[in-house]
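Chain by chain, the residues run as shown.
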Amino acid sequence: MTKSFCYFVSGRVQGVGYRKFVYKKAVGLGICGYVRNLSDGRVEVLACFATEEQRKFFEEELSNGPIFARVDDVKCVKIGNYDKKNFEILFS
């Protein structure tokens with residue numbers, strides 16, 4: 001059973017390759033979910049994890065971000081079970 005979390009990342013995280021960075025990390029770790037920009041300048045990440053170690057590592061990566069990003073804050077909300085079959089970048 002997977003556990004799912006929704007993250008809201010603030011800082012300089014739009015227009016700096018943050019979504020692509022998150023996508024590559026998620027796919028590399030076998031995480032399902034999505035990443036998308038929000039109209040208020042934050043990035044939303046929904047991630048479904050198989051293990052606690054996978055979750056901890058991914059959360060560290062979200063806080064670091066790519067070289068040109070500046071992550072000021074990462075808020076996390078546990079959403080229970082949300083089964084997705086892949087990870088994708090949403091454009092909305």
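Everything numeric here is computed off the predicted structure, so don't read it as measured data.

**Student:** Account for the pairing of strand β2 (residues 32–37), with residues named and values stated.
**Tutor:** Every regular strand shows the same layout, with side chains that alternate between the two sheet faces. Looking at chain direction, β2 and strand β3 (residues 43–49) are connected through 6 bridges and run antiparallel. Residue pairing across strands places Tyr-34 opposite Leu-46, the latter belonging to β3. The turn joining β2 and β3, which pair antiparallel and follow one another in sequence, is formed by 5 residues; a positive phi near 100° is taken by Gly-41. Bridge analysis of β2 against strand β5 (residues 87–89) gives 3 bridges, and the strand direction is parallel.

**Student:** With reference to specific residues and values, describe the pairing of β3.
**Tutor:** For β3, the buried fraction is high: 7 of the 7 residues fall into the buried class. Side chains Val-43, Val-45, Ala-47 and Phe-49 project from β3 onto one buried face, and the interleaved Glu-44, Leu-46 and Cys-48 project onto a second face that is buried too. The pairing of strand β1 (residues 3–12) with β3 spans 7 bridges and is antiparallel. Counterpart to Phe-5 in the pairing with β3 is Ala-47.

**Student:** Any chance you could break down the side chain of Glu-61 for me, citing the residues and the numbers?
**Tutor:** As for its position among the elements, Glu-61 is in helix α2 (residues 52–64). Judged by its relative accessible area of 13%, Glu-61 falls in the buried class. At a separation of 3.2 Å, a polar atom in the side chain of Glu-61 contacts the side chain of Lys-25.

**Student:** How would you explain the sheet that holds β1 if you had to name every residue and give the values?
**Tutor:** Strand order in the open sheet formed by 5 strands is β4-β1-β3-β2-β5, with mixed pairing between adjacent strands. Every interior strand has two partners, whereas the edge strands, β4 (70–80) and β5, have only one. Neighbour-to-neighbour, the strand axes of the sheet open up by a mean angle of 15°, direction not taken into account. Along the sheet, helix α1 (residues 18–29) contacts β1, β2, β3, β4 and β5; its crossing angle with β5, the most-contacted strand, is approximately 170°.

Here is what the cut-offs are and how they apply
- Residues numbered from 1 in each chain as written.
- Predicted model: local features only at pLDDT ≥ 70, side-chain atom pairs only at ≥ 80, totals over all residues.
- Heavy atoms only, no water.
- Pairing = 2+ DSSP bridges.
- Helix = DSSP H or I, 4+ residues; strand = E, 2+ residues; numbered from the N terminus.
- Buried < 20%, exposed > 50% of the residue type's maximum accessible area, 1.4 Å probe, protein only.
- Polar contact = N/O pair within 3.5 Å; in protein donor to acceptor, adjacent residues only side chain to side chain.
- Axes fitted to C-alpha atoms, helices over the stretch in contact; angles between N-to-C directions.
- Contact = heavy atoms within 4.5 Å.

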